[in-house]
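The residues making up each chain are set out below.
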Amino acid sequence: MTINKRFIATIHGRVQGVAFRHYTTQEARRLALRGWVKNNCDGTVSVVAEGRESDLRQLEQWLQHGPPAARVTQVEAQWGDDQAKLTAFMVRYA
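Engineer: I'd love a proper account of helix α2 (residues 53–63), names of residues and values included.
Structural biologist: For α2, the set of buried residues is Asp55, Leu56, Leu59, Glu60, Trp62 and Leu63. The buried residues of α2 occupy one face: seen down the axis, they fall within an arc of 160°. In this structure, the buried side of α2 is in contact with β1 (4–14), α1 (20–30), β3 (45–52) and β4 (71–81).

Engineer: Could you give an account of the pairing of β1, with specific residues and numbers?
Structural biologist: In terms of strand pairing, β1 meets β3 through eight bridges, oriented antiparallel. Note on β3: the bridge partner recorded for threonine 10 is serine 46. Sheet topology places β1 next to β4; 10 bridges connect them, and they run antiparallel. Bridge assignment links lysine 5 to a residue of β4, and that residue is aspartate 81.

Engineer: Give me the lowdown on the sheet that holds β1, citing residues and values where you can.
Structural biologist: In any sheet, the strands associate via hydrogen bonds between backbone groups, in a parallel or an antiparallel arrangement. Taken together, the five strands give an open sheet; going across it, the order is β4-β1-β3-β2-β5, and neighbouring strands pair in mixed fashion. Here the strands that pair on one side only, and so sit at the sheet edges, are β4 and β5 (89–91). Neighbour to neighbour, the strand axes of the sheet diverge by 15° on average, direction disregarded. Relative to β5, strand β2 (residues 34–39) is paired through three bridges, and the arrangement is parallel. The residue of β5 that forms the bridge with tryptophan 36 is methionine 90.

Engineer: Any details on the nonpolar core? Residues and values, ideally.
Structural biologist: Counting 21 residues, the largest nonpolar core has Ile11, Phe20, Leu33, Val45, Val47, Leu59 and Leu63 as its most contacted members. Elements that contribute at least two residues to this core include exactly β1, α1, β3, α2 and β4. Considering every element that reaches this core, the biggest residue donor is α2, with four residues. The residues touching valine 47, leaving out its near neighbours within four places in the chain, are Phe7, Ile8, Ala9, Ile11, Thr24, Trp36, Val37, Leu59, Leu63 and Phe89.

Engineer: Kindly report on the environment of threonine 25, identifying the contributing residues and their values.
Structural biologist: Within the secondary structure layout, threonine 25 lies in helix α1. What makes threonine 25 buried here is its relative accessible area of 7%. Along the chain, threonine 25 and aspartate 82 lie 57 residues apart, while their C-alpha atoms are 19 Å from each other. Those residues within four positions of threonine 25 in sequence are excluded, and the remaining contacts are Val37, Phe89, Met90 and Val91.

So, how was this worked out
- Residues numbered from 1 in each chain as written.
- Predicted model: local features only at pLDDT ≥ 70, side-chain atom pairs only at ≥ 80, totals over all residues.
- Heavy atoms only, no water.
- Buried < 20%, exposed > 50% of the residue type's maximum accessible area, 1.4 Å probe, protein only.
- Helix = DSSP H or I, 4+ residues; strand = E, 2+ residues; numbered from the N terminus.
- Arc of directions from axis to C-beta.
- Contact = heavy atoms within 4.5 Å.
- Pairing = 2+ DSSP bridges.
- Axes fitted to C-alpha atoms, helices over the stretch in contact; angles between N-to-C directions.
- Core = buried A, V, L, I, M, F, W, Y, C linked by side-chain atoms within 4.5 Å.

Shape descriptors only; they carry no functional weight alone.
Okay, here's the thing in structure tokens:
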């Protein structure tokens, strides 16, 4: 039996203006995850993703470095139960 989880992360560093949202969306879709990514006013990026825990762990590892032009300094992550409210992975705009 596959147990789905929910992953919420805030990524710090040089993560805006480097196509972070685009690449995160590609990676999450490759992993068949549902959720969203968005830029925050404080220069961080937020990610909410739901899916298989093993796939979420892969996304978490990817977020540690992000796309080539990014410089990730910290990833704050919280884990919880899948709320099954998300249907696809997309970019959210404030």
